[in-house]
Amino acid sequence: MDFLRPASWEEALAAKAEHPTAVPIAGGTDVMVEINFDHRRPEYLLDLNRIELLREWEVGEENVRLGASVPYTQIMEHLRAELPGLALASHTVASPQIRNRGGVGGNLGTASPAGDAHPALLAAGAEVEVESVRGSRFIPIDAFYTGVKRNALQPDELIKTVHIKKADGPQQYSKVGTRNAMVIAVCAFGLALHPETRTVRTGIGSAAPTPVRAREAEEFLNAALEEGGFWESGKIITPSIAKQFAELASGACNPIDDVRGTAKYRRHAVGIMARRTLGWTWEQYRGTGRTLEGAA
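Every value quoted in this text rests on a predicted model; they were computed, and no experiment measured them.

Novice: Explain the overall build of the chain to me, using residue names and the numbers behind them.
Specialist: Looking only at helices and strands, one finds twelve helices and 13 strands in the chain. In terms of overall dimensions, the chain has a C-alpha envelope of 60 × 45 × 30 Å along the principal axes. By residue count, 54% of the 296 residues in the chain fall in the buried class. In the chain, 63% of the contacts between residues at least 6 apart in sequence involve partners at least 24 apart. When the accessible surface of the chain is split by element, carbon and sulfur atoms take 51% of a total near 13600 Å². Averaging the locations of the 33 positively and 36 negatively charged side chains of the chain gives two centres separated by 7 Å.

Below is the structure:
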(Lines give C-alpha, C1' and ligand atoms only; values in the text may rest on other atoms or scores of the structure.)
Protein backbone atom coordinates (compact mmCIF):
# COMPACT_ATOMS: atom_id res chain seq x y z
CA MET A 1 0.00 0.00 0.00
CA ASP A 2 1.54 3.28 -1.16
CA PHE A 3 1.02 6.55 0.72
CA LEU A 4 0.50 9.70 -1.37
CA ARG A 5 0.96 12.99 0.49
CA PRO A 6 0.19 16.05 -1.67
CA ALA A 7 1.16 19.47 -0.35
CA SER A 8 -1.60 21.41 -2.13
CA TRP A 9 -5.13 20.95 -3.42
CA GLU A 10 -3.86 21.02 -7.00
CA GLU A 11 -1.38 18.23 -6.20
CA ALA A 12 -4.16 16.24 -4.57
CA LEU A 13 -6.37 16.51 -7.66
CA ALA A 14 -3.47 15.50 -9.88
CA ALA A 15 -2.73 12.49 -7.69
CA LYS A 16 -6.39 11.41 -7.74
CA ALA A 17 -6.44 11.74 -11.53
CA GLU A 18 -3.31 9.61 -11.84
CA HIS A 19 -4.52 7.06 -9.26
CA PRO A 20 -8.35 7.01 -9.39
CA THR A 21 -8.54 4.07 -6.95
CA ALA A 22 -6.63 5.99 -4.26
CA VAL A 23 -8.63 6.24 -1.04
CA PRO A 24 -8.63 9.75 0.50
CA ILE A 25 -7.76 9.94 4.18
CA ALA A 26 -8.10 13.03 6.38
CA GLY A 27 -9.47 12.29 9.86
CA GLY A 28 -9.10 8.59 9.15
CA THR A 29 -11.79 7.64 11.67
CA ASP A 30 -13.59 5.41 9.14
CA VAL A 31 -10.80 4.38 6.76
CA MET A 32 -8.35 3.24 9.44
CA VAL A 33 -10.96 1.04 11.10
CA GLU A 34 -11.56 -0.76 7.81
CA ILE A 35 -7.81 -1.14 7.20
CA ASN A 36 -7.06 -2.31 10.75
CA PHE A 37 -9.76 -4.99 10.55
CA ASP A 38 -8.52 -5.98 7.09
CA HIS A 39 -11.86 -5.15 5.52
CA ARG A 40 -10.12 -2.95 2.98
CA ARG A 41 -6.62 -2.92 1.52
CA PRO A 42 -6.36 -0.09 -1.03
CA GLU A 43 -3.38 0.13 -3.35
CA TYR A 44 -2.99 3.84 -2.52
CA LEU A 45 -3.92 6.08 0.38
CA LEU A 46 -4.24 9.79 -0.46
CA ASP A 47 -3.40 11.84 2.63
CA LEU A 48 -5.24 15.19 2.61
CA ASN A 49 -4.03 16.48 5.96
CA ARG A 50 -1.66 19.06 4.46
CA ILE A 51 -4.50 20.69 2.47
CA GLU A 52 -5.33 23.75 4.56
CA LEU A 53 -8.37 24.87 2.57
CA LEU A 54 -10.23 21.69 3.54
CA ARG A 55 -10.11 22.80 7.19
CA GLU A 56 -11.52 26.28 6.51
CA TRP A 57 -15.07 27.54 6.78
CA GLU A 58 -16.74 30.79 5.87
CA VAL A 59 -20.07 32.24 6.99
CA GLY A 60 -21.64 34.23 4.17
CA GLU A 61 -24.78 36.30 4.01
CA GLU A 62 -26.99 33.31 3.21
CA ASN A 63 -24.79 30.20 3.29
CA VAL A 64 -22.01 28.52 5.21
CA ARG A 65 -19.12 27.16 3.19
CA LEU A 66 -17.77 24.22 5.18
CA GLY A 67 -14.46 22.63 4.22
CA ALA A 68 -14.61 18.85 3.96
CA SER A 69 -12.09 18.36 6.80
CA VAL A 70 -13.44 20.88 9.32
CA PRO A 71 -13.56 18.83 12.55
CA TYR A 72 -16.87 18.22 14.27
CA THR A 73 -15.51 20.02 17.32
CA GLN A 74 -15.16 23.23 15.31
CA ILE A 75 -18.73 22.92 14.02
CA MET A 76 -19.97 22.52 17.59
CA GLU A 77 -17.98 25.49 18.89
CA HIS A 78 -18.28 27.99 16.06
CA LEU A 79 -21.31 27.19 13.89
CA ARG A 80 -24.03 26.35 16.39
CA ALA A 81 -26.13 29.40 15.46
CA GLU A 82 -25.80 29.03 11.69
CA LEU A 83 -26.01 25.21 11.51
CA PRO A 84 -27.86 24.08 14.65
CA GLY A 85 -28.92 20.70 13.29
CA LEU A 86 -25.41 19.78 12.18
CA ALA A 87 -23.96 21.05 15.48
CA LEU A 88 -26.34 18.79 17.39
CA ALA A 89 -25.40 15.85 15.19
CA SER A 90 -21.72 16.62 15.75
CA HIS A 91 -22.24 16.30 19.51
CA THR A 92 -23.30 12.66 19.03
CA VAL A 93 -20.20 11.61 17.06
CA ALA A 94 -18.18 9.02 18.97
CA SER A 95 -15.71 10.58 21.45
CA PRO A 96 -13.90 13.93 21.84
CA GLN A 97 -10.81 12.44 20.20
CA ILE A 98 -12.76 11.40 17.10
CA ARG A 99 -14.69 14.68 17.00
CA ASN A 100 -11.33 16.46 16.94
CA ARG A 101 -10.26 14.45 13.89
CA GLY A 102 -13.36 13.54 11.90
CA GLY A 103 -15.29 15.83 9.58
CA VAL A 104 -18.35 15.90 7.36
CA GLY A 105 -16.30 15.09 4.26
CA GLY A 106 -15.44 11.71 5.73
CA ASN A 107 -19.10 10.90 6.38
CA LEU A 108 -19.95 11.87 2.81
CA GLY A 109 -17.06 9.96 1.30
CA THR A 110 -17.87 6.79 3.21
CA ALA A 111 -21.61 7.27 2.59
CA SER A 112 -22.55 4.83 5.34
CA PRO A 113 -26.28 5.08 6.13
CA ALA A 114 -25.27 5.31 9.80
CA GLY A 115 -23.12 8.44 9.35
CA ASP A 116 -24.17 10.98 11.97
CA ALA A 117 -24.03 14.05 9.70
CA HIS A 118 -26.34 12.77 6.96
CA PRO A 119 -29.78 13.44 8.51
CA ALA A 120 -28.82 17.02 9.37
CA LEU A 121 -27.43 17.65 5.87
CA LEU A 122 -30.59 16.26 4.26
CA ALA A 123 -32.85 18.35 6.50
CA ALA A 124 -30.85 21.50 5.76
CA GLY A 125 -30.77 20.89 2.00
CA ALA A 126 -26.98 20.99 1.64
CA GLU A 127 -24.97 20.92 -1.58
CA VAL A 128 -21.65 19.10 -1.95
CA GLU A 129 -18.93 20.74 -4.04
CA VAL A 130 -16.61 18.20 -5.65
CA GLU A 131 -13.63 18.81 -7.89
CA SER A 132 -11.25 17.03 -10.22
CA VAL A 133 -8.63 18.16 -12.74
CA ARG A 134 -11.59 18.38 -15.16
CA GLY A 135 -13.35 21.03 -13.09
CA SER A 136 -15.79 21.37 -10.22
CA ARG A 137 -19.52 20.69 -9.80
CA PHE A 138 -22.20 20.91 -7.13
CA ILE A 139 -24.19 17.82 -6.14
CA PRO A 140 -27.48 18.36 -4.24
CA ILE A 141 -27.48 16.27 -1.08
CA ASP A 142 -30.64 14.49 -2.27
CA ALA A 143 -28.70 13.14 -5.25
CA PHE A 144 -25.46 12.37 -3.43
CA TYR A 145 -26.25 8.95 -1.94
CA THR A 146 -26.56 6.36 -4.71
CA GLY A 147 -26.50 3.04 -2.82
CA VAL A 148 -25.17 1.24 0.23
CA LYS A 149 -21.90 3.03 1.01
CA ARG A 150 -21.90 4.51 -2.49
CA ASN A 151 -22.03 8.13 -3.58
CA ALA A 152 -22.19 10.21 -6.74
CA LEU A 153 -18.45 10.94 -6.93
CA GLN A 154 -16.58 10.07 -10.11
CA PRO A 155 -13.35 8.09 -9.59
CA ASP A 156 -11.13 11.15 -10.09
CA GLU A 157 -13.16 13.53 -7.90
CA LEU A 158 -12.56 14.71 -4.33
CA ILE A 159 -14.99 16.38 -1.92
CA LYS A 160 -13.92 19.99 -1.42
CA THR A 161 -16.67 21.88 0.37
CA VAL A 162 -20.19 21.47 1.72
CA HIS A 163 -22.48 24.45 1.15
CA ILE A 164 -25.30 24.75 3.66
CA LYS A 165 -27.91 27.47 3.89
CA LYS A 166 -27.86 29.27 7.23
CA ALA A 167 -30.77 28.18 9.42
CA ASP A 168 -33.80 30.42 9.04
CA GLY A 169 -35.73 28.45 11.66
CA PRO A 170 -35.28 25.85 14.39
CA GLN A 171 -33.53 22.55 13.67
CA GLN A 172 -33.28 19.38 15.72
CA TYR A 173 -31.45 16.07 15.65
CA SER A 174 -32.08 12.85 17.54
CA LYS A 175 -30.14 9.60 17.62
CA VAL A 176 -30.78 6.18 19.14
CA GLY A 177 -27.81 4.05 20.16
CA THR A 178 -27.09 1.11 22.40
CA ARG A 179 -25.27 3.47 24.80
CA ASN A 180 -24.73 7.20 25.24
CA ALA A 181 -21.33 7.56 23.56
CA MET A 182 -18.90 5.78 21.22
CA VAL A 183 -21.78 4.16 19.38
CA ILE A 184 -22.91 3.65 15.80
CA ALA A 185 -26.49 4.84 15.38
CA VAL A 186 -29.28 2.29 15.56
CA CYS A 187 -31.22 5.03 13.79
CA ALA A 188 -31.24 8.84 13.66
CA PHE A 189 -33.59 11.62 12.62
CA GLY A 190 -33.05 15.24 11.66
CA LEU A 191 -35.69 17.91 11.16
CA ALA A 192 -35.46 21.52 10.01
CA LEU A 193 -38.16 24.17 9.83
CA HIS A 194 -37.75 26.59 6.93
CA PRO A 195 -40.14 29.47 7.69
CA GLU A 196 -38.95 31.55 4.73
CA THR A 197 -40.39 28.95 2.34
CA ARG A 198 -42.90 27.57 4.85
CA THR A 199 -41.56 24.07 4.44
CA VAL A 200 -40.21 21.30 6.64
CA ARG A 201 -37.37 18.97 5.64
CA THR A 202 -36.27 15.75 7.28
CA GLY A 203 -33.40 13.28 7.22
CA ILE A 204 -33.27 9.66 8.37
CA GLY A 205 -30.10 7.74 9.14
CA SER A 206 -29.38 4.04 9.67
CA ALA A 207 -32.90 2.95 8.75
CA ALA A 208 -32.57 2.36 5.00
CA PRO A 209 -29.81 1.34 2.56
CA THR A 210 -28.93 5.04 2.20
CA PRO A 211 -29.69 8.17 4.22
CA VAL A 212 -33.17 9.26 3.11
CA ARG A 213 -35.78 11.93 3.57
CA ALA A 214 -39.30 11.19 4.78
CA ARG A 215 -40.83 12.85 1.72
CA GLU A 216 -44.45 11.79 2.24
CA ALA A 217 -44.27 12.96 5.84
CA GLU A 218 -42.86 16.30 4.69
CA GLU A 219 -45.56 16.75 2.07
CA PHE A 220 -48.30 15.92 4.56
CA LEU A 221 -46.93 18.28 7.20
CA ASN A 222 -46.28 21.11 4.76
CA ALA A 223 -49.88 20.92 3.57
CA ALA A 224 -51.28 20.63 7.11
CA LEU A 225 -49.31 23.63 8.38
CA GLU A 226 -50.29 25.76 5.40
CA GLU A 227 -53.97 24.82 5.35
CA GLY A 228 -54.30 25.21 9.10
CA GLY A 229 -52.63 28.61 9.20
CA PHE A 230 -50.00 27.36 11.65
CA TRP A 231 -47.13 29.41 10.25
CA GLU A 232 -49.03 32.65 10.74
CA SER A 233 -50.65 31.89 14.08
CA GLY A 234 -47.89 29.86 15.70
CA LYS A 235 -50.55 27.76 17.37
CA ILE A 236 -49.76 24.35 18.80
CA ILE A 237 -49.68 21.51 16.28
CA THR A 238 -52.56 19.15 16.97
CA PRO A 239 -51.82 15.61 18.22
CA SER A 240 -53.50 14.11 15.15
CA ILE A 241 -51.14 15.97 12.79
CA ALA A 242 -48.09 14.99 14.86
CA LYS A 243 -49.22 11.36 14.93
CA GLN A 244 -49.76 11.19 11.17
CA PHE A 245 -46.40 12.84 10.54
CA ALA A 246 -44.69 10.28 12.78
CA GLU A 247 -46.42 7.35 11.07
CA LEU A 248 -45.42 8.60 7.63
CA ALA A 249 -41.83 9.15 8.77
CA SER A 250 -41.74 5.59 10.09
CA GLY A 251 -43.09 4.38 6.76
CA ALA A 252 -40.21 6.04 4.92
CA CYS A 253 -37.78 3.57 6.49
CA ASN A 254 -36.51 0.42 4.81
CA PRO A 255 -34.38 -1.01 7.61
CA ILE A 256 -32.70 -4.34 8.28
CA ASP A 257 -32.23 -6.54 11.33
CA ASP A 258 -28.64 -6.44 12.58
CA VAL A 259 -26.65 -6.65 15.80
CA ARG A 260 -27.64 -3.10 16.78
CA GLY A 261 -31.41 -3.44 16.39
CA THR A 262 -34.31 -4.98 14.54
CA ALA A 263 -36.08 -3.48 11.55
CA LYS A 264 -39.28 -3.27 13.58
CA TYR A 265 -37.57 -1.35 16.36
CA ARG A 266 -35.93 1.05 13.91
CA ARG A 267 -39.27 1.92 12.31
CA HIS A 268 -40.82 2.45 15.74
CA ALA A 269 -37.92 4.58 16.97
CA VAL A 270 -37.91 6.79 13.86
CA GLY A 271 -41.60 7.50 14.40
CA ILE A 272 -40.96 8.50 18.01
CA MET A 273 -38.04 10.73 17.04
CA ALA A 274 -40.06 12.35 14.26
CA ARG A 275 -42.85 13.27 16.64
CA ARG A 276 -40.46 14.55 19.31
CA THR A 277 -38.24 16.61 16.99
CA LEU A 278 -41.35 18.15 15.44
CA GLY A 279 -42.57 19.12 18.90
CA TRP A 280 -39.22 20.56 19.94
CA THR A 281 -38.71 22.61 16.77
CA TRP A 282 -42.27 23.90 16.71
CA GLU A 283 -42.05 25.06 20.32
CA GLN A 284 -38.88 26.94 19.40
CA TYR A 285 -40.64 28.47 16.40
CA ARG A 286 -43.57 29.56 18.51
CA GLY A 287 -41.16 31.31 20.87
CA THR A 288 -37.81 32.76 19.95
CA GLY A 289 -37.52 30.73 16.75
CA ARG A 290 -40.25 32.56 14.82
CA THR A 291 -39.07 34.85 12.03
CA LEU A 292 -40.73 37.78 10.33
CA GLU A 293 -40.90 35.78 7.12
CA GLY A 294 -42.58 32.83 8.84
CA ALA A 295 -45.05 35.00 10.74
CA ALA A 296 -45.95 37.24 7.79
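Novice: Help me get a handle on the nonpolar core, residues and values and all.
Specialist: By size, the foremost hydrophobic cluster in this structure holds 46 residues, and its most contacted members are Leu86, Val104, Leu108 and Leu121. Leu193, Phe230, Ile241 and Trp282 belong to the second-largest nonpolar core, a separate cluster that totals 31 residues.

Novice: Tell me about helix H8 (residues 215–227), and name the residues and values.
Specialist: The terminal C-alpha atoms of H8 lie 18 Å apart, and with 13 residues this matches the ideal 18 Å at 1.5 Å per residue to within 8%. Note on H8: the residue one or two positions beyond its end, Gly229, has a positive phi of about 70°.

Novice: Any chance you could break down the sheet that holds strand E1 (residues 2–4) for me, citing the residues and the numbers?
Specialist: Spatially, E1-E3-E2 is the arrangement adopted by the three strands of the open sheet, whose pairing is parallel. At either end of the open sheet lies a strand with only one pairing partner, and these are E1 and strand E2 (23–25). Each adjacent strand pair in this sheet contributes to an overall mean axis angle of 30°, direction not counted. Where E1 lies against strand E3 (residues 44–47), three bridges are found, and the strand directions are parallel. Counted as the bridge partner of Phe3 is Leu45 from E3.

Novice: An account of the sheet that holds strand E13 (residues 199–205) is needed here, citing residue identities and associated values.
Specialist: In space, the three strands of this open sheet follow the order E11-E12-E13, with antiparallel pairing throughout. Edge positions in the sheet fall to strand E11 (171–176) and E13, since each has one partner strand and no second. Averaged over all neighbouring strand pairs, the angle between strand axes comes to 10°, with direction disregarded. Pairing geometry for E11 and strand E12 (residues 187–194), over six bridges, is antiparallel. Residue pairing for E12: Gln172 is matched across the bridge by Leu191.

Novice: So what's going on with the environment of Ser206? Which residues, and what values?
Specialist: Residue position: Ser206 is located in the loop between E13 and H8. The class of Ser206 is buried, set by a relative accessible area of 7%. With 21 residues separating them in the primary sequence, Ser206 and Ala185 have C-alpha atoms 6.4 Å apart. Contact partners of Ser206, with chain neighbours within four places excluded, come to Pro113, Ala114, Ala185, Val186, Cys187, Arg260 and Arg266.

Novice: Describe in detail the packing of H8 against helix H10 (residues 239–251), supporting the description with residues and values.
Specialist: Running from N to C, H8 and H10 point in directions that differ by 160°, and their axes come no closer than 8 Å. The orientation of H8 with respect to H10, classified from their angle, is roughly antiparallel. For the pair H8 and H10, the sense of crossing is right-handed. Here Glu216, Ala217, Glu218, Phe220, Leu221 and Ala224 of H8 lie close against H10, whose contacting residues are Ile241, Gln244, Phe245, Leu248 and Ala249. Looking at the contact of H8 with H10 residue by residue, the classes come out as eight nonpolar, one polar and two charged.

Novice: I'd like a description of unusual backbone geometry, backed by residues and values.
Specialist: The residue Asp38 is not glycine, and still its phi comes out positive at about 60°. One can find Asp38 in the loop between helix H2 (31–36) and E3.

The rules behind these values
Residues numbered from 1 in each chain as written. Predicted model: local features only at pLDDT ≥ 70, side-chain atom pairs only at ≥ 80, totals over all residues. Heavy atoms only, no water. Helix = DSSP H or I, 4+ residues; strand = E, 2+ residues; numbered from the N terminus. Buried < 20%, exposed > 50% of the residue type's maximum accessible area, 1.4 Å probe, protein only. Contact = heavy atoms within 4.5 Å. Areas by Shrake-Rupley, 256 points an atom, 1.4 Å probe, with all protein chains shown as cover. Lys, Arg positive; Asp, Glu negative; His and termini not counted. Charge placed at Lys NZ, Arg CZ, Asp CG, Glu CD. Core = buried A, V, L, I, M, F, W, Y, C linked by side-chain atoms within 4.5 Å. Expected span 1.5 Å × (residues − 1). Pairing = 2+ DSSP bridges. Axes fitted to C-alpha atoms, helices over the stretch in contact; angles between N-to-C directions. Parallel < 35°, antiparallel > 145°, perpendicular 65-115°, else oblique. Left-handed = near helix turned anticlockwise from the far one by under 90°. Nonpolar A, V, L, I, M, F, W, Y, C, P; charged D, E, K, R; others polar.

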